[in-house]
Amino acid sequence: MSLILKPIKKEHLESVAELEKICFSQPWSYKSLEEELTNDTAHFFVALDGDRVAGYIGLFIVCESCFVSNIAVFPEYRRRGVATALIGRACSCAVEYGADFISLEVRPSNSAALSLYTKFGFTEMGLRKNYYRDPTEDALIMTKLFDEQREEKV
Ligand SMILES: CC(C)(COP(=O)(O)OP(=O)(O)OC[C@H]1O[C@@H](n2cnc3c(N)ncnc32)[C@H](O)[C@@H]1OP(=O)(O)O)[C@@H](O)C(=O)NCCC(=O)NCCS
């Protein structure tokens, strides 16, 4: 596998919409993904193995805040560092755009995602009760602050 990360384009949307359906009970549709192509606050990246989409991440950066809408990797590409590469790109994009932190929601039952975020230094900052549907579950809010990283850079 030779992995390259690129900003999402229209040609990737079909694969990403398929990936959403595989991974989530309330997937983003092709149309909703397409709308983000022209949204200035949206920063979506795909991980490509040749022409094939292996995974994707969606970010929204507004003022000093960065939120991850979703991250997903096709089952056949999992445990090969694809999500690690995508989160790394998300963090550098957030810092580049002046965000103070990056934040996301995750199901407490999603141990794979929790382990991934913890490795990156995200910590639990709160809870949204009954946030998810199908099945209903709370969401943990996990956040990584960039202050230390900035100070190191100065
Ligand atoms: C969570 C997900 C994005 C991880 O993608 P990935 O490319 O397999 O992750 P990586 O290979 O970069 O793994 C990085 C770390 O995450 C953790 N991790 C990933 N998959 C794991 C699993 N099945 N069980 C436990 N830990 C796991 C590990 O700490 C791993 O490091 P290691 O391989 O050195 O042990 C992927 O499983 C996925 O798409 N799941 C479905 C969608 C989803 O749940 N998205 C998150 C929504 S909040």
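Let me begin by describing the structure that accompanies this report. No experiment lies behind these values; they were computed from the predicted model shown.

1. Points about the nonpolar core
Next up, step 1: Formed by 36 residues in total, the largest nonpolar core has its most connected members in Val 16, Tyr 56, Ile 57, Leu 86, Ala 90 and Ala 94.
Next up, step 2: Among the elements of the structure, α1 (13-23), β2 (42-49), β3 (52-62), β4 (65-73), α3 (82-96), β5 (101-106) and β7 (137-145) are those that each provide at least two residues to this core.
Next up, step 3: Considering each element in turn, this core owes the most residues, seven residues, to α3.
Next up, step 4: Excluding residues within four positions of it along the chain, Leu 86 makes contact with Leu 5, Phe 45, Ala 47, Gly 55, Ile 57 and Ile 71.

2. Looking at the site of the ligand
Next up, step 1: Taken together, 19 residues surround the ligand, and among them Arg 78, Ala 83, Thr 84, Ala 112 and Leu 116 come closest.
Next up, step 2: At the level of secondary structure, the elements contributing two or more residues to the shell around the ligand comprise β4, α3 and α4 (111-119).
Next up, step 3: Among the elements that make up the shell around the ligand, the one with the highest residue count is α4 (six residues).
Next up, step 4: Taken together, the residues that form the shell around the ligand break down as 10 nonpolar, five polar and four charged.

3. A closer look at the pairing of β2
Next up, step 1: Here strand β1 (residues 3-7) runs beside β2; their pairing, made up of five bridges, is antiparallel. Note that in β2 the partner of Leu 5 across the bridge is Ala 47.
Next up, step 2: In the sheet, β2 pairs with β3 via eight bridges, with the strands oriented antiparallel. Within β3, the position partnered with Phe 44 by the bridge is Gly 58.
Next up, step 3: Counting the residues that bridge the hairpin from β2 to β3 gives two residues, and of these Gly 50 lies at a positive phi of roughly 65°.

The rules we used
All residue numbers refer to positions counted from 1 along the written sequence of the respective chain. Given that this is a predicted model, residues contribute local features only at a pLDDT of at least 70 and side-chain atom pairs are listed and counted only at 80 or more, while totals for whole chains, interfaces and linings are drawn from all residues. To count as a nonpolar core, a set of buried Ala, Val, Leu, Ile, Met, Phe, Trp, Tyr and Cys residues must be joined through C-beta atoms within 7 Å. Backbone-placed C-beta atoms define the burial measure: a residue is buried with 20 or more other C-beta atoms within 10 Å of its own, exposed with 12 or fewer, and partly exposed in between. Put simply, DSSP H or I for four residues or longer makes a helix, DSSP E for two residues or longer makes a strand, and each gets a number counted from the N terminus. A residue pair is marked as a contact if its C-beta atoms, positioned from the backbone, fall within 7 Å. Near, as applied to residues and a molecule or strand, means the residue's backbone-placed C-beta atom lies within 6 Å of it. Side-chain classes are defined by residue name, with Ala, Val, Leu, Ile, Met, Phe, Trp, Tyr, Cys and Pro counting as nonpolar, Asp, Glu, Lys and Arg as charged, and the others, Gly among them, as polar. Each pair of strands is called paired provided DSSP finds at least two bridges between the two strands.

Bear in mind that shape data such as this cannot, by itself, settle questions of function.
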